[in-house]
Amino acid sequence: MGDCFLDLEVDVNGEEVFMVNKRVISSYSGRIGKLFSKSRGVNGRLKVIFNDFPGGAANFELITRFCYNDGRVGINPLNISNLTCAAHYMEMNKSASGTENLCEQTEKSMEEVKYWTWSELLVVLKQCQDLLPGETSSFIILTKCLDSLVGRVASSCEASPCPSVSSSDSSGFRLSCDTRSTESLKTTSFRTTWWFEDLVVLDTELIQMMVRVMVSRNFDHGIISRFLFYYQKSRFAASASANEKIKVIETVIEMLSSLDIRSVSYKSLFGLLRVALNMNLSQRCRENLESMIGSQLDHATLDNLLVPSPARKGHLYDVNLVLRFLKSFLGKGACCVPLSRLMKVASLMDLYLAEVAPDPHLKPSKFLALITALPDSARDSWDGVYRAVSLYLEVHSGLSDEQKMKVCFGLNYEKLSPKAFDHLAQNANFPSKSTAQALVSQQRKLKSLLQDANEGGLTKEEGSKQIILYAKKFSLSDENEKLKAHLQGMQWRVLELEKVCSKMQIQMTKMMKSRMSSHSSSKSVPRLCS
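Everything numeric in this text was worked out from a predicted model, so none of it was measured.

Conventions we followed
- For every chain, the first residue of the written sequence is number 1, and numbering continues from 1 onward in sequence order.
- Only residues with pLDDT of at least 70 get local features here, since the model is predicted, and only at 80 or more are side-chain atom pairs given and counted; chain-wide, interface and lining totals rely on the full set of residues.
- Working from all heavy atoms in the structure, the side-chain values ignore hydrogens and water.
- Numbered from the N terminus, helices here are DSSP runs of H or I no shorter than four residues, and strands are runs of E no shorter than two.
- Here the term buried applies to any residue with accessible area under 20% of the maximum for its type, exposed to any over 50%, and partly exposed to those in between, with areas from a 1.4 Å probe on protein chains only.
- We call a set of buried Ala, Val, Leu, Ile, Met, Phe, Trp, Tyr and Cys residues a nonpolar core when their side-chain atoms join them within 4.5 Å.
- A helix is expected to span 1.5 Å for every residue after the first.
- Working definition: rings of Phe, Tyr and Trp (its six-membered ring) pair if their centres are within 6.5 Å, and the pair is stacked with planes under 30 degrees apart, edge-to-face with planes over 60 apart, and tilted otherwise.
- To get an axis, a line is fitted to the C-alpha atoms, and for a helix only the part in contact is used. The angle between two axes follows their N-to-C directions and goes from 0 to 180 degrees.
- In this analysis, two residues are considered to be in contact whenever any of their non-hydrogen atoms come within 4.5 Å of each other.
- Strand pairing follows a simple DSSP-based rule, namely that at least 2 bridges must link the two strands.
- To obtain the arc, one takes the directions from the helix axis to the C-beta atoms.
- Whenever a nitrogen or oxygen atom comes within 3.5 Å of another N or O atom, the pair is scored as a polar contact, on the condition that within protein one atom can donate a hydrogen and the other can accept it, and that pairs from neighbouring residues in sequence are kept only if both atoms are in side chains.

### Side note on the overall build of the protein chain
Phase 1 of the analysis: A tally of helices and strands in the protein chain yields 26 helices and 3 strands.
Phase 2 of the analysis: For the protein chain, with 530 residues in total, the buried portion stands at 43%.

### Focus on the nonpolar core
Phase 1 of the analysis: Residues L149, W195, M210, L228, L256 and F367 are the most contacted members of the largest nonpolar core, which totals 106 residues.
Phase 2 of the analysis: When residues of this core are assigned to their parent elements, the largest contribution, 9 residues, is made by helix α8 (residues 138-158).
Phase 3 of the analysis: Core analysis: the next-biggest nonpolar cluster, separate from the first, contains 27 residues, V20, Y28, A86 and Y89 among them.

### Here we look at helix α7 (residues 118-131)
Because an α-helix completes one turn every 3.6 residues, residues spaced three or four positions apart along the sequence face the same direction.
Phase 1 of the analysis: Look at α7: 20 Å from first C-alpha to last across 14 residues, which is about the 20 Å you get at 1.5 Å a residue.
Phase 2 of the analysis: Among the residues making up α7, those that are buried are W118, L121, L122, V124, L125, Q127, C128, Q129 and L131.

### Brief notes about unusual backbone geometry
Phase 1 of the analysis: Of note, the phi angle at D70 is positive, near 60°, even though the residue is not glycine.
Phase 2 of the analysis: Its place among the elements puts D70 in the loop between α3 (56-68) and α4 (80-89).
Phase 3 of the analysis: Look at E91: it is not a glycine, yet its phi comes out positive at around 55°.
Phase 4 of the analysis: Tracing the backbone through its elements, the reader meets E91 in the loop between α4 and α5 (94-97).
Phase 5 of the analysis: Residue E91 is classed as partly exposed on the basis of its relative accessible area of 26%.

### Overview of the packing of aromatic side chains
Phase 1 of the analysis: Enumeration according to the criterion identifies 17 aromatic pairs in this entry.
Phase 2 of the analysis: Note on Y266 and F270: the rings are 5.2 Å apart at their centroids and 80° apart in plane angle, and the pair reads as edge-to-face. In this pair, Y266 and F270 are both assigned in helix α15 (residues 266-276), 4 residues apart and thus about one turn of the helix distant.
Phase 3 of the analysis: Here F270 falls in the buried class, since its relative accessible area comes to 2%.

### Quick notes on the packing of α4 against α7
Phase 1 of the analysis: With their axes 8 Å apart at the nearest point, α4 and α7 run at an angle of 35° to one another. Facing α4, whose interface residues are I80, S81, N82 and C85, α7 presents V124, Q127, C128 and L131.

### Points about the environment of L273
Phase 1 of the analysis: Examined against the element boundaries, L273 turns out to sit in helix α15.
Phase 2 of the analysis: The sequence separation of L273 and R286 amounts to 13 residues, and the corresponding C-alpha distance is 8.6 Å.

### Some remarks on the pairing of strand β3 (residues 46-50)
Phase 1 of the analysis: Residues of β3 alternate between two faces, with L46, V48 and F50 buried on one and K47 and I49 left unburied on the opposite face.
Phase 2 of the analysis: Summarising the sheet, strand β1 (residues 8-12) and β3 pair through 5 bridges and their orientation is parallel. Bridging across to β3, E9 finds its partner in K47.

### Quick notes on the sheet that holds strand β2 (residues 16-20)
Phase 1 of the analysis: Strand order in the open sheet formed by 3 strands is β2-β1-β3, and the pairing between neighbours is mixed. Each edge of the open sheet is held by one strand with a lone partner, namely β2 and β3. This sheet shows a mean twist of 20° between the axes of neighbouring strands, independent of strand direction.
Phase 2 of the analysis: Examined bridge by bridge, β1 and β2 share 5 bridges and lie antiparallel to one another.

### A few points about the environment of G410
Phase 1 of the analysis: Along the polypeptide, G410 turns up in the loop between α22 (401-408) and α23 (418-425).
Phase 2 of the analysis: Given the relative accessible area of 9%, G410 is considered buried.
Phase 3 of the analysis: For the pair G410 and Y386, spaced 24 residues apart in sequence, the C-alpha separation works out to 9.6 Å.
Phase 4 of the analysis: Setting aside chain neighbours within four positions, we find G410 in contact with L368, I371, T372 and W382.

### Some thoughts on the environment of V24
Phase 1 of the analysis: Its location among the elements puts V24 in helix α1 (residues 22-26).
Phase 2 of the analysis: Separated by 46 residues in sequence, V24 and D70 have C-alpha atoms that sit 9.1 Å apart.
Phase 3 of the analysis: Filtering out sequence-adjacent residues up to four positions away, V24 remains in contact with C67 and Y68.

### Let's talk about helix α20 (residues 364-372)
Phase 1 of the analysis: P364, F367, L368, L370 and I371 are the residues of α20 that are buried. The buried residues of α20 all sit within an arc of 155° when viewed along its axis, so they share a single face.

### Quick word on the side chain of S29
Phase 1 of the analysis: For S29, the position within the fold is in the loop between α1 and α2 (30-37).
Phase 2 of the analysis: According to the relative accessible area criterion, S29 is buried, its value standing at 0%.
Phase 3 of the analysis: A polar side-chain atom of S29 sits 2.8 Å from the main-chain carbonyl oxygen of M90.
Phase 4 of the analysis: S29 has contacts with M90, E91, M92 and A96, leaving out every residue within four places of it along the chain.

Distances and angles like these do not, on their own, reveal function.
Take a look at the structure:
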């Protein structure tokens, strides 16, 4: 072909300049055709500059071959993504050529994706991620490739060597599964994780798309979460930049929050948290991670909660973080959380309070917030909280009585054991007003027990013995002689009540014997004293 026919100069992304025939190219490209329609009558060589041609100079060369070869080119998994994007960029569709063009041919070739090998799928996905985000046409290929990829992964995970069988004949299967060799267990693990390493190379945007496809197809959330944790660790180990690490961890957190939290490893979430604490993540991302951890706080251990305080804070541990966990755990309110879970978290918080109490920089307001974060119903006994408060007041001896009273305000004295109450009565670290409140609280408790016994809540023997034993457990110091005298007075009144009840029962017994002698059948008589 002579130079006179090379009347179009095309600069592709500054990489290379192509000399082509404008008529040949425009017969397939609607974009070039539109450019020439505006420049009719212009003689000489024309020049077109493309600064964002998908696939660069190498891909434009494929396009020219297609045009010069009467609309034919070999389409395969290695070039289909670049050809598809270039075809859409150059508007190479049927309306431009009048016949089946490159857009139609690439679309038809995509129907063969189910026959591609695993390696070919990965090649196409890598090429697509290099074209993103500028080329929206690559999403068409991505959608089909990811759907095929997820389908293959799902198929390999579905065949479990230990099926869940509920019939009476399933004992043989269960026994077989329980006694599988270590080698068999390794095979099972490999069957669900073999694809992890291959997909680590994918960019975060593709990972998001893939996880959404998996979720939509009801893929096992536990396996998805394991992959996401693996992806984060692998990408960090690959010496990624600070910005890349932030992008990776934010993507992982966002995808984990879309899963069933019960399927996500709680230990791994805390591992992710410790990494995230040293990174400048978005507020929304941090809240997502903290919400996931907080919602399952009853699975945490004390070590999990002992997160060092940010450098700008004075105290040892990040108390604010734990308070946010508690807020997420309670969610819509304590009434929506099962009591068993509440009590488990309360036990954990008792340990945490004892751990942070010696911190000399921990403010009374923060310590009180930890104490009052959970409702009273979460604890049957407040002895653990009392010990933590006692330790806190001992370390923070410089607090004013008013500050000490604010801390003591969080205690529920009525749920202290006699041993703890006896210790409190002699504890010099507590302000005198707090001790007085505790004494009044215990008086109310004794009166309540007495009233219950009087109203029939307990039998005579049970009621009187419980109150007497409760009173005898206290060994108060001389400064509390008034309360001791009051307790002894109550004990005397209980004994008097016991005597009255005993006389009434003797009278009732005599009445019943009298009636039995005059009637053939006895009638039930209500118990007036129990």
